Amino acid sequence: MVISGTALNKSASMKFSWDEKISRAQKLSTDFPTTKEILTVYMRVAKLQRAISDGLHGTDHPDISSLLGFVPDLHKLVNNLGSAPLKEALEKIGKNATRWSELLLQYWEQQPEPESPSEALLTYILLQPYAQHVTSQMQIHSENTSPICPACGNAPELAVLREYNNGARRSLLCSLCSTEWEFRRVLCPNCAEQNKEKLPVFSAEEFTQARVEACETCKTYIKCIDLSKDGHAIPAVDDLATLPLDLWAQEQGFSRQQPNMYLLPSS
Ligand SMILES: [Zn+2]
Ligand SMILES: [Zn+2]
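If you're wondering where the values come from, they're calculated on a predicted model, not measured in any experiment.

It is worth spelling out the overall build of the protein at this point. Along the backbone of the protein there are 8 helices and 7 strands. The C-alpha atoms of the protein give 18 Å as radius of gyration, which agrees with the globular expectation for 267 residues (18 Å, within 12%). Each principal axis of the C-alpha distribution contributes one length, and for the protein these read about 50 × 40 × 30 Å. Put simply, the protein has 267 residues, and 36% of those count as buried.

Given below as structure tokens:
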């Protein structure tokens, strides 16, 4: 994929900063103690990603191989997390620069061939701040019916509702580069179903900021973070604090197309 774009005013970007994400995770881990563990993992990973992002700061067109410089920090992080599957996957790749470059490029070009979910997560941790950095300089034009990210071509991880003209406007949030693009409210991003009757929305009292937007036709759902209900919510983080909603949706027979990447693989 060729990445090109015109420089865009920083203020025009809706992306949340790493600092905002980390402090939101800190707060939610107190408010929602049942998800404290996953939010703690999130904070540790996000701190490494903040460091990567800081390292890229000021470079307009960083080379993807500049990420290899962060592999030693990734080793430290994985040791701290104490996740056996991640550790094993990391040891397998080792310090093999060619393999790292291959993995990073495959992901960037949406042709990932990971050997395991752990390998996918390791690559994602390094690549995400890079993807955010590169796409934050792009001007995005897209149809409001595009189910994939207009900036990097990846699938959406979440839907977002933002206040707009006394109502709320829906957008989708890219799973890799965190670009947000407008998307019609009554339209399934997975199968393009447009019949309102087939697109039920579920919510739970304890999670005002989140809802499940399901599709009876393809039996998938996308989680939606509703910023019109809670202006402090940060989609990627509030997604983790409201994981019980996902479990519920899955019990009802709906599957999530793009799970939150910060969930540690169990194998
Ligand atoms: Zn993207
Ligand atoms: Zn559908």
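Once the structure has been displayed, the description carries forward.
This part takes up the nonpolar core. By size, the foremost hydrophobic cluster in this structure holds 66 residues, and its most contacted members are Y42 and L127. Looking at this core, the element that brings in the most residues is helix α6 (residues 117–135), giving 9 residues. Those residues within four positions of Y42 in sequence are excluded, and the remaining contacts are A25, V237, L240 and Y262.

Attention shifts here to the pairing of strand β5 (residues 207–214). The buried fraction of β5 is high, at 7 of 8 residues. In sequence, strand β4 (residues 201–204) turns back onto β5 through a hairpin of 2 residues. By the bridge criterion, 5 bridges tie β5 to strand β6 (residues 220–226) in an arrangement that is antiparallel. Bridging across to β6, R211 finds its partner in C224. The antiparallel pairing of β5 with β6 creates a hairpin that spans 5 residues between the two strands, and K219 there sits at a positive phi of about 60°.

Before going further, it helps to spend a moment on the environment of A25. Within the secondary structure, A25 is located in helix α1 (residues 18–31). As a C-alpha pair, A25 and L39 span 14 residues in sequence and 5.8 Å in three-dimensional space.

This paragraph deals with helix α3 (residues 71–81). L74, L77 and V78 are the residues of α3 that are buried. Axial view of α3: buried residues confined to an arc of 95°, hence all on one face. Away from its buried face by more than 90 degrees, α3 exposes P72, K76, N79 and N80. Residues of α3 that are buried in the fold lie against α2 (36–56), α4 (84–93) and α6. Of the residues flanking the end of α3, it is G82, one or two places downstream, whose phi is positive at about 65°.

A few words now on the packing of α2 against α3. Closest axis-to-axis distance for the α2/α3 pair is 11 Å, and the angle between their directions is 170°. Considering the angle they form, α2 stands roughly antiparallel to α3. Counting all contacts with α2, which are made through V41, R44, V45, L48 and A51, the residues of α3 involved are D73, L74, L77, N80 and L81. Of the residues contributing to the contact of α2 with α3, the split by class is 7 nonpolar, 1 polar and 2 charged.

On to the environment of L68. With respect to the element layout, L68 can be found in the loop between α2 and α3. Counting along the chain gives 36 residues from L68 to L104, while the straight-line C-alpha distance between them is 9.5 Å. Apart from residues lying up to four places away in sequence, L68 is in contact with A97 and W100.

Turning next to the domain arrangement of the protein. For the protein, the assigned domains read domain 1 (17–135) and domain 2 (156–256). At the junction of the two partners, domain 1 supplies 15 residues and domain 2 supplies 11 residues. Residue composition of the side of domain 1 that touches domain 2, by class: 8 nonpolar, 4 polar and 3 charged.

Criteria and thresholds
- Residues numbered from 1 in each chain as written.
- Chains lettered and ligands numbered in written order.
- Predicted model: local features only at pLDDT ≥ 70, side-chain atom pairs only at ≥ 80, totals over all residues.
- Helix = DSSP H or I, 4+ residues; strand = E, 2+ residues; numbered from the N terminus.
- Rg over C-alpha atoms; globule rule 2.2 N^0.38 Å.
- Buried ≥ 20, exposed ≤ 12 C-beta atoms within 10 Å, placed from the backbone.
- Core = buried A, V, L, I, M, F, W, Y, C linked by C-beta atoms within 7 Å.
- Contact = placed C-beta atoms within 7 Å.
- Pairing = 2+ DSSP bridges.
- Arc of directions from axis to C-beta.
- Axes fitted to C-alpha atoms, helices over the stretch in contact; angles between N-to-C directions.
- Parallel < 35°, antiparallel > 145°, perpendicular 65-115°, else oblique.
- Nonpolar A, V, L, I, M, F, W, Y, C, P; charged D, E, K, R; others polar.
- Domains from an automatic or database assignment.

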